[in-house]
Amino acid sequence: MSEQTQPPVLPWDSHNQKLVSNVHPQDWKNPTPVKRYNLVVIGGGTAGLVSAIGAAGLGAKVALIEKHFLGGDCLNVGCVPSKAIIRAARAAAAVREAADFGVNVPAAVTVDFGKTMERMRRLRADISPHDSAKRFTELGVDVFLGGGKFTCPDSVEVTGQTLRFSKAVIATGARAAAPPIDGLSEVPYLTNETLFSVTELPKRLGIIGAGPIGCEMAQAFARLGSEVILVQSEDGILPREDRDAAELVRVALERDGVKLLGGAKEIKLSKDPGGVRMQGKSSGRAYSEVVDQLLVAVGRAPNVEGLGLEAAGVVFDKKGVKVNDRLQTANPRIFAAGDICSPFKFTHAADFMARIVIQNALFIGRAKASALNIPWATYTSPEIAHVGLYEKDAKEKGIEVDTYTQELAKVDRAILDGETDGFVRVHVRKGTDEILGATIVAAHAGDLISEITLAMNGKLGLKTIGSAIHPYPTQAEAIRKVGDLYNRTRLTPFVKKLMGKWLSWTR
Ligand SMILES: Cc1cc2nc3c(=O)[nH]c(=O)nc-3n(C[C@H](O)[C@H](O)[C@H](O)COP(=O)(O)OP(=O)(O)OC[C@H]3O[C@@H](n4cnc5c(N)ncnc54)[C@H](O)[C@@H]3O)c2cc1C
């Protein structure tokens, strides 16, 4: 195995042994390639796995190439480990907040961080058979472990073997970007690739980047007991989200003890006997803080290097591989899906892009990426979830909207749960009930947003949502109440007057 194809180093316990035996078995022997594949997939993360399994299920001869771990970021160093840690952090927070519910717990409650991380490794290993080399082989996919590289417009090389293809998919994903921060290259730092291998809780954890990953990890590590300093950009935390939605999360982060500092761009890093020194200015005031560990979570860089894209005639830039709406690259034989080509860097987006690729690559498909309604969620407490247009997007596109917002403070279940920080906001095309976008801030916003996504997919308007009975008491009632808000606007003074007349006649 060449150095490039070595998987990342993990703490070597039974859970990680199980994980590796599934996602990069050390005794794996690559198969002998067939003369030509219907589909060669480079990259075994979500986009690659879904492309491979979907195509093989339809009877195509498929090769899947993965250089590190099958499952990609999501299983190994992304969604799965981060959400396992967030769950543990929620348990710690629940204990701390138990007194609010009249549940008295002894004062000296401690977090066993080693056990938290062990639980994460165990669960990750338990999930890993689903993405395993064995499972994919049994489902008819030829699995090659090694780095894939195009050698010409219709061939890929992996560990010295040549794989010829009719169609190919580039699904090589993205990695943590190394931003141009003064001193970054001189200090040790963690990224998502190494964070989940930490076995001791950092006493002081610095995080640069207050996007979804930075915010989720800041809150989780603060709840687990780290002193967390989160450095955000001038735009504040979660810059993509509505400011009032992000503000609710900011308040929650500070409540959990996260110290927020501004000016990520002007930060200077240097080595310090105590760890890493972070210096900069926040709201015009200079700061200088030493942290034991530093996590850098400032955007993602596409994995385009070493792929032979030039030899294949595939056009790319620093944002990734260029594709058209049918996810086809400049080489019509080659498609791309997932983080490598999309601004929507989410597992479910990679999954649905892969489904488009299967249709368009193997058949005379006309499926379009722009037709997808892609929701997303940030798993802080409270969560923020969004789908479709923000009000600012609508403005930019010249679309007039009516906006309906239901505060959770007026939803009984949220009151009873002690989870009133949040709202459901839906934008509809002006004068209609056609849903164009929605933002939800709530404890389980990531679950709630699917109702709106479904409505958008099925072209169901806000009126229909208002007429769907939701069980009482649930937080999902907030969505129905937004429907009620819309329906009330239909009651024009004229209609109200008519109804009043009718009722007085029929008294
Ligand atoms: C900390 C963190 C938390 C996240 N949480 C969430 C979440 O909660 N929900 C969500 O939807 N998304 C989340 N994401 C994003 C999600 O992980 C990605 O969007 C998703 O993994 C993208 O899938 P992909 O298949 O495009 O790429 P990847 O998962 O990155 O897979 C690409 C694969 O290609 C392989 N590869 C690269 N180059 C080559 C080559 N030359 N030859 C062979 N193989 C190659 C890589 O080793 C990798 O396995 C999170 C990400 C991070 C980092």
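Reading the values: the criteria
- Residues numbered from 1 in each chain as written.
- Predicted model: local features only at pLDDT ≥ 70, side-chain atom pairs only at ≥ 80, totals over all residues.
- Heavy atoms only, no water.
- Pairing = 2+ DSSP bridges.
- Helix = DSSP H or I, 4+ residues; strand = E, 2+ residues; numbered from the N terminus.
- Axes fitted to C-alpha atoms, helices over the stretch in contact; angles between N-to-C directions.
- Contact = heavy atoms within 4.5 Å.
- Salt bridge = Lys/Arg side-chain N within 4 Å of Asp/Glu carboxyl O.
- Buried < 20%, exposed > 50% of the residue type's maximum accessible area, 1.4 Å probe, protein only.
- Core = buried A, V, L, I, M, F, W, Y, C linked by side-chain atoms within 4.5 Å.
- Near = heavy atom within 4 Å.
- Polar contact = N/O pair within 3.5 Å; in protein donor to acceptor, adjacent residues only side chain to side chain.
- Areas by Shrake-Rupley, 256 points an atom, 1.4 Å probe, with all protein chains shown as cover.
- Nonpolar A, V, L, I, M, F, W, Y, C, P; charged D, E, K, R; others polar.
- Patch = residues over 30% accessible without salt bridge, like charges linked within 9 Å, V, L, I, M, F, W, Y side chains within 5 Å.

Asks: Explain the sheet that holds strand E22 (residues 423-429) to me, and be specific about the residues and the numbers.
Replies: Across the sheet, which stays open at both edges, the 5 strands sit in the order E19-E20-E23-E22-E21 with antiparallel pairing between neighbours. The open sheet terminates on both sides in strands that have one partner only, identified here as strand E19 (376-378) and strand E21 (401-407). When strand polarity is set aside, the average angle formed by the axes of neighbouring strands in this sheet is 10°. The pairing of E19 with strand E20 (residues 383-388) spans 3 bridges and is classified as antiparallel. Directly across from Trp-376, in E20, lies its bridge partner His-386. Lying on the sheet, helix H14 (residues 445-457) is in contact with E19, E20, E22 and strand E23 (435-442); it crosses E23 at an angle near 170°.

Asks: Residues and numbers for the pattern of salt bridges, please.
Replies: According to the stated counting rule, one finds 26 salt bridges in the structure shown. We note a salt bridge from Asp-142 to Lys-61, for which the minimum N-O separation is 3.7 Å. With Asp-142 in strand E3 (residues 141-145) and Lys-61 in the loop between helix H2 (46-57) and strand E2 (62-66), the pair connects residues that are 81 residues apart, well separated along the chain. For Asp-142, a relative accessible area of 12% corresponds to the buried category.

Asks: I'd like a rundown of the pairing of strand E6 (residues 161-170), residues and numbers included.
Replies: In terms of strand pairing, strand E1 (residues 37-42) meets E6 through 5 bridges, oriented parallel. By the bridge assignment, Leu-39 is partnered in E6 with Lys-167. In terms of strand pairing, strand E5 (residues 155-158) meets E6 through 4 bridges, oriented antiparallel. Opposite Val-158, over in E6, you have Gln-161 as the bridge partner. Hairpin remark: E5 followed by E6, antiparallel, with 2 residues in the connecting loop; positive phi at Thr-159, about 40°.

Asks: Please provide a residue-by-residue account of the environment of Glu-200, values included.
Replies: Structurally, Glu-200 is set in the loop between helix H7 (192-195) and strand E8 (204-208). On the basis of relative accessibility, which here comes to 65%, the residue Glu-200 falls in the exposed class. Between the alpha carbons of Glu-200 and Phe-113 there is a distance of 6.6 Å; along the sequence they are 87 residues apart.

Asks: Explain the nonpolar core residue by residue, including any values.
Replies: Val-62, Phe-150, Ile-170 and Val-321 are the most contacted members of the largest nonpolar core, which has 64 residues in total. At 6 residues, helix H11 (residues 347-362) tops the list of elements feeding residues into this core. If we ignore the near neighbours within four places in the chain, the residues touching Val-62 are Tyr-37, Leu-39, Val-41, Ala-52, Ala-55, Ala-56, Gly-140, Val-141 and Asp-142. With 37 residues, the next largest nonpolar core counts Met-120, Leu-190, Leu-224 and Leu-253 among its residues.

Asks: Kindly report on the site of the ligand, identifying the contributing residues and their values.
Replies: The environment of the ligand is formed by 38 residues, the closest being Ala-47, Glu-66, Lys-83, Asp-339 and Thr-347. A distance of 3.1 Å separates an oxygen atom of the ligand from a polar atom in the backbone of Thr-46. In isolation the ligand offers 1,000 Å² of accessible surface; the protein chains occlude 94% of this area. Breaking the shell around the ligand down by element, the ones donating at least two residues are H2, E2, helix H3 (72-77), helix H4 (79-97) and H11. Element by element, the count of residues in the shell around the ligand is highest for H3, at 4 residues. Tallied by class, residues from the shell around the ligand come to 14 nonpolar, 17 polar and 7 charged.

Asks: Explain the sheet that holds strand E13 (residues 285-291) to me, using residue names and the numbers behind them.
Replies: Read from one edge to the other, the open sheet built from 3 strands follows the order E11-E12-E13, with strand pairing classed as antiparallel. Because the sheet does not close on itself, it has two edges, and the strands there are strand E11 (268-272) and E13. If you compare each strand with its neighbour and ignore which way they point, the axes differ by 20° on average. Sheet topology places E11 next to strand E12 (residues 275-282); 5 bridges connect them, and they run antiparallel.

Asks: Summarise the side chain of Arg-223; cite the residues concerned and give the values.
Replies: Locating Arg-223 in the fold gives a position in helix H8 (residues 212-224). A distance of 3.2 Å separates a polar atom in the side chain of Arg-223 from a polar atom in the side chain of Ser-381. Beyond its immediate sequence surroundings of up to four residues, Arg-223 is in contact with Ala-89, Arg-90, Ala-92, Ala-93, Arg-96, Glu-97, Asp-256 and Ser-381.

Asks: Could you give an account of a nonpolar patch on the surface, naming the residues involved and the relevant values?
Replies: Side chains of Leu-491, Phe-494, Val-495, Leu-498 and Met-499 sit close together on the surface and give an oily, nonpolar patch of about 470 Å² of accessible area. Positionally, Leu-491 belongs in the loop between helix H16 (477-489) and helix H17 (493-505). We classify Leu-491 as partly exposed; its relative accessible area is 38%.

Asks: Which residues make up the side chain of Asn-16, and what values go with them?
Replies: Mapped onto the elements of the fold, Asn-16 is located in helix H1 (residues 14-23). The residues contacting Asn-16, other than those within four sequence positions of it, are Leu-10, Pro-11, Arg-121 and Arg-124.

As far as function goes, none of this settles anything; it's purely spatial.
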